[in-house]
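Remarks on the overall topology
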Amino acid sequence: MARFTDKVVVITGGAGGIGISAGQLFADEGAKVLLVDLDEQALGAAVDQIGSKQVSYCVADVTQAQQVQRYVDTAVERYGAIDCFLNNAGVEGVLKPITDYPEDVFDNVIDVNLKGVWLGLKYVMPAMAAGGGGSIVITSSVAGVNGGPGLSAYVASKHAVIGLMRTASNEGAGSNVRVNTVNPSPVDTRMMRALEEFAAPGAAELARKKFEAGIPLKRYAEPKDVANIMAFLCSDEASFCTGGVYMVDGGSTSSR
Ligand SMILES: NC(=O)c1ccc[n+]([C@@H]2O[C@H](COP(=O)([O-])OP(=O)(O)OC[C@H]3O[C@@H](n4cnc5c(N)ncnc54)[C@H](O)[C@@H]3O)[C@@H](O)[C@H]2O)c1
């Protein structure tokens, strides 16, 4: 079933684990895909990995308004519209208590995970509305609904984007722009490698086992688990879904 024939999808964090998996899924289902990320080499490798002529890239830093405007313009000029937007780029920061958390790292996490998402909404929503509407999926996290020690900036940013989503879903409804969040528990990507190393320096595999033990389904999500719900939310099957928080967490948030 090709749900996205002739649809245009923009994915920030497009060279990362979830971004590539989503790019693959949307391309496989007929979409034209623009991957947006910081590093040109990584973007080129992501396009090669997906291996579809329907996929291209744009280098942009999501924290910079002019660069956000540029990826929006690139999508519209190259493909004619933006039908689906995965507002997905993110960074984890460090694992330290608030009292030891470096201020510059806090600022960077908020800049990428919150301001970057806000800028994406600010510039994509008018382009999407001009094309008759579409679907925006923001990647929040279980850290968007639960607290936990050591990740203050990340937890704050992932809670905050749920607020942005709720506002944007109201503001977009009149133009047929739907906005939702997906909220994964640990996903098997670079980001978890970094967090495992913070949690247990030199013993990342042990940290992984401990994280997995706390998840009722006893495993990390695969990037495809997240891509699948993103695709559902962007499809016509989700035409009545807006303003929602969609957990992809193996039961984590129901187990406390
Ligand atoms: N991996 C997990 O366990 C997990 C769990 C819940 C939510 N998430 C969220 O999923 C999203 C994707 O993460 P991932 O797991 O694919 O990690 P990842 O590190 O593989 O991918 C993140 C991508 O975002 C890009 N990025 C960072 N700063 C950017 C900037 N300023 N401008 C443009 N791109 C930038 C990175 O270069 C990277 O390619 C993030 O928002 C993350 O917070 C991840």
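Note that the coordinates shown come from a computational prediction; the quantities given were computed from them, not determined experimentally.

Take the nonpolar core next. Where a protein is soluble and globular, its nonpolar side chains tend to be buried together. With 74 residues, the main nonpolar core has Val9, Val10, Leu35, Val124 and Met230 as its most contacted residues. For this core, the element with the most residues is helix 4 (residues 103-130), which contributes eleven residues. Taken together, domain 1 (8-185 + 222-248) and domain 2 (187-220) each give at least three residues to this core, which thus spans both. Setting aside anything within four residues of it in sequence, one finds Val9 in contact with Phe4, Phe26, Ala31, Val33, Asp83, Cys84 and Leu86.

Our focus in this paragraph is the site of the ligand. Around the ligand sit 27 residues in total, of which Gly13, Gly16, Ile18, Gly90 and Thr189 are the nearest. Listing elements by their share of the shell around the ligand, those giving two or more residues are helix 1 (17-28), helix 4 and helix 6 (190-199). Its residues assigned to classes, the shell around the ligand comprises twelve nonpolar, twelve polar and three charged. When residues of the shell around the ligand are assigned to domains, at least three map to each of domain 1 (8-185 + 222-248) and domain 2 (187-220).

Taken N-terminus to C-terminus, the directions of helix 1 and helix 8 (residues 223-234) make an angle of 55 degrees; their axes are 8 Å apart at the nearest point. It follows that helix 1 is oblique to helix 8 by the angle criterion. Judged by the sense of rotation from one axis to the other, the crossing of helix 1 with helix 8 is right-handed. Two secondary-structure elements touch here, helix 1 through Gly17, Ile18, Ser21, Ala22, Leu25 and Phe26 and helix 8 through Pro223, Lys224, Val226, Ala227, Met230 and Ala231. By residue class, the composition of the contact of helix 1 with helix 8 is nine nonpolar, two polar and one charged.

Contact geometry of helix 4 with helix 5 (residues 152-172) gives a least axis separation of 9 Å together with a crossing angle of 15 degrees. When the axes of helix 4 and helix 5 are compared, the pair comes out roughly parallel. Considering only the axes of helix 4 and helix 5, their crossing is right-handed. Within the contact between the two elements, helix 4 uses Val105, Phe106, Val109, Ile110, Asn113, Leu114, Val117, Trp118, Leu121 and Met125 and helix 5 uses Ala153, Tyr154, Ser157, Lys158, Ala160, Val161, Leu164, Ala168 and Gly172.

So, about helix 2 (residues 40-50). All buried positions along helix 2 are accounted for by Leu43, Ala46, Val47 and Ile50. Buried residues along helix 2 cover an arc of 95 degrees about the axis, so they all sit on one side. More than 90 degrees from the buried face of helix 2, the exposed residues found are Gln41, Asp48 and Gln49. Gly51 occupies a position one or two residues after helix 2 and carries a positive phi of about 65 degrees.

Right, let's talk about the pairing of strand 3 (residues 55-59) for a bit. Looking at chain direction, strand 2 (residues 32-37) and strand 3 are connected through five bridges and run parallel. Bridge pairing in strand 3 links Val36 to Cys58. For the crossover from strand 2 across helix 2 to strand 3, the handedness is right-handed.

Here the protein is partitioned into domain 1 (8-185 + 222-248) and domain 2 (187-220). Taking the mean C-alpha position of each, domain 1 and domain 2 sit 23 Å from one another. Counting from both sides, the interface comprises eleven residues of domain 1 and, opposite them, ten residues of domain 2. At the level of elements, helix 1 and helix 8 are the ones that each hand at least two residues to the side of domain 1 that touches domain 2. For the side of domain 1 that touches domain 2, a count of residues per class yields six nonpolar, three polar and two charged.

Positive phi, normally seen in glycine, also occurs at Asn176, with a value near 65 degrees. Its place among the elements puts Asn176 in the loop between helix 5 and strand 6 (177-184). Residues other than glycine seldom take positive phi values, yet Lys218 does so here, at roughly 60 degrees. The residue Lys218 is located in the loop between helix 7 (204-213) and helix 8 in this model.

Rules used throughout
- Counting of residues starts from 1 at the beginning of each chain's written sequence and follows it residue by residue.
- The predicted origin of the model limits local features to residues at a pLDDT of at least 70 and limits the giving and counting of side-chain atom pairs to 80 or more, whereas totals for whole chains, interfaces and linings rest on all residues.
- Here a nonpolar core is just a set of buried residues of the types Ala, Val, Leu, Ile, Met, Phe, Trp, Tyr and Cys, joined wherever their C-beta atoms sit within 7 Å.
- Counting other C-beta atoms within 10 Å of its own, a residue is labelled buried from 20 upward, exposed at 12 or fewer, and partly exposed in the gap between, with every C-beta atom placed from the backbone.
- Strands are runs of DSSP state E lasting at least two residues, helices are runs of H or I lasting at least four, and both sets are numbered from the N terminus onward.
- Segmentation into domains, and thus their bounds, comes from an automatic or database assignment.
- We call two residues in contact whenever the C-beta atoms placed from their backbones are within 7 Å.
- Only the C-beta atom matters for nearness: placed from the backbone, it must lie within 6 Å of the molecule or strand for the residue to count as near.
- Residues are grouped as follows: Ala, Val, Leu, Ile, Met, Phe, Trp, Tyr, Cys and Pro are nonpolar; Asp, Glu, Lys and Arg are charged; every other residue, Gly included, is polar.
- All axes are obtained by fitting lines to C-alpha atoms, using only the stretch in contact for helices, and the reported angles, taken between N-to-C directions, cover 0 to 180 degrees.
- Between 65 and 115 degrees an angle is taken as roughly perpendicular, under 35 as roughly parallel, over 145 as roughly antiparallel, and anywhere else as oblique.
- Handedness of a helix crossing follows the sense of rotation of the near helix relative to the far helix, less than a right angle counterclockwise being left-handed and clockwise being right-handed.
- Throughout, the arc means the angular range of directions from the helix axis out to the C-beta atoms.
- In short, DSSP must find at least two bridges between two strands for them to pair.
- Classification remark: right-handed applies to a crossover when, strands pointing away from the viewer, the course from the first strand over the helix to the second runs clockwise.

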